[in-house]
Amino acid sequence: MRIYLTVIDDTPEAEIALRFAARRAVKTGGGVEILALIPQQEFIAFGGVQATIEDEARLQAEGLVAKAAGTLIEESGLRPSIVVRQGDGPKIIREMIAANADIAALVLGAAASGAPGPLVTHFAGDVGALPVPLMIIPGNLDRAAIDRLS
């Protein structure tokens, strides 16, 4: 099965990428894998504080993924695979692609204005090294445009 890997966060471009990935998956008989990244936290000498910060970051990421998955199920009927991981985003994404031969494309959303975002910048600069296509969805597309293009 063709799997479209997308990364979710609290930005509008992440929602756009997820919608595009879901529409492609429906049209191709594939699926969607949603990744929520938790940035590596700086070390804090007090272990209890460190644990609380990490727990809060994980809860926020899990909430984003749950909301995104609910929207995806409601709008397309797809039941996504969900992954929440902490660490370096590009490294985690590369590991996931290497570990799952069903991943057919990495779908990322670019910001509507300004810099496209750190993941887009990273992968667009090294797209030739990816074993799957990189789909960058412009952040200024509305729902109708996404539906038409996907």
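Here the structure is shown first, and the text comes after it.
Scope of this entry: the structure provided in the associated data block. (Residues numbered from 1 in each chain as written. Predicted model: local features only at pLDDT ≥ 70, side-chain atom pairs only at ≥ 80, totals over all residues. Heavy atoms only, no water.)

### Considerations on helix α1 (residues 12–28)
Item 1. With 17 residues, α1 should cover 24 Å at 1.5 Å per step; its first-to-last C-alpha distance of 25 Å lies within 8% of that length.
Item 2. Among the residues of α1, those classed as buried are E13, A14, I16, A17, L18, R19, F20, A21, A22 and A25.
Item 3. One or two residues past the end of α1 sits G29, with phi positive at roughly 70 degrees. (Helix = DSSP H or I, 4+ residues; strand = E, 2+ residues; numbered from the N terminus. Expected span 1.5 Å × (residues − 1). Buried < 20%, exposed > 50% of the residue type's maximum accessible area, 1.4 Å probe, protein only.)

### Thoughts on the pairing of strand β2 (residues 31–38)
Item 1. Of all the eight residues making up β2, seven are buried; the element is thus mostly covered by neighbouring parts of the structure.
Item 2. Two strands pair when backbone bridges link them, and strand β1 (residues 3–8) and β2 are joined in this way by six bridges, in the parallel orientation. By the bridge assignment for β2, L5 is matched with E33.
Item 3. For the handedness criterion, the β-α-β arrangement of β1, α1 and β2 is classed as right-handed.
Item 4. Taken together, the six bridges between β2 and strand β3 (residues 81–86) define a ladder with parallel strand orientation. Along β3, the bridge assignment pairs E33 with S81. (Pairing = 2+ DSSP bridges. Right-handed = clockwise from strand over helix to strand, strands pointing away.)

### Re the nonpolar core
Item 1. Membership of the largest hydrophobic core comes to 21 residues, with the highest contact counts inside it found for I8, L18, V32, I34, L72 and V107.
Item 2. Counting residues per element, the ones that place at least two in this core are β1, α1, β2, α2 (47–76) and β4 (103–110).
Item 3. In terms of residues, this core owes the most to one element, α1, which gives eight residues.
Item 4. What V32 contacts, discounting residues up to four positions off in sequence, is I3, Y4, T6, L18, A21, A22, A25, L72, L78, P80 and S81.
Item 5. Residues L5, V83, I103 and L106 belong to the second largest nonpolar core, which totals 18 residues. (Core = buried A, V, L, I, M, F, W, Y, C linked by side-chain atoms within 4.5 Å. Contact = heavy atoms within 4.5 Å.)

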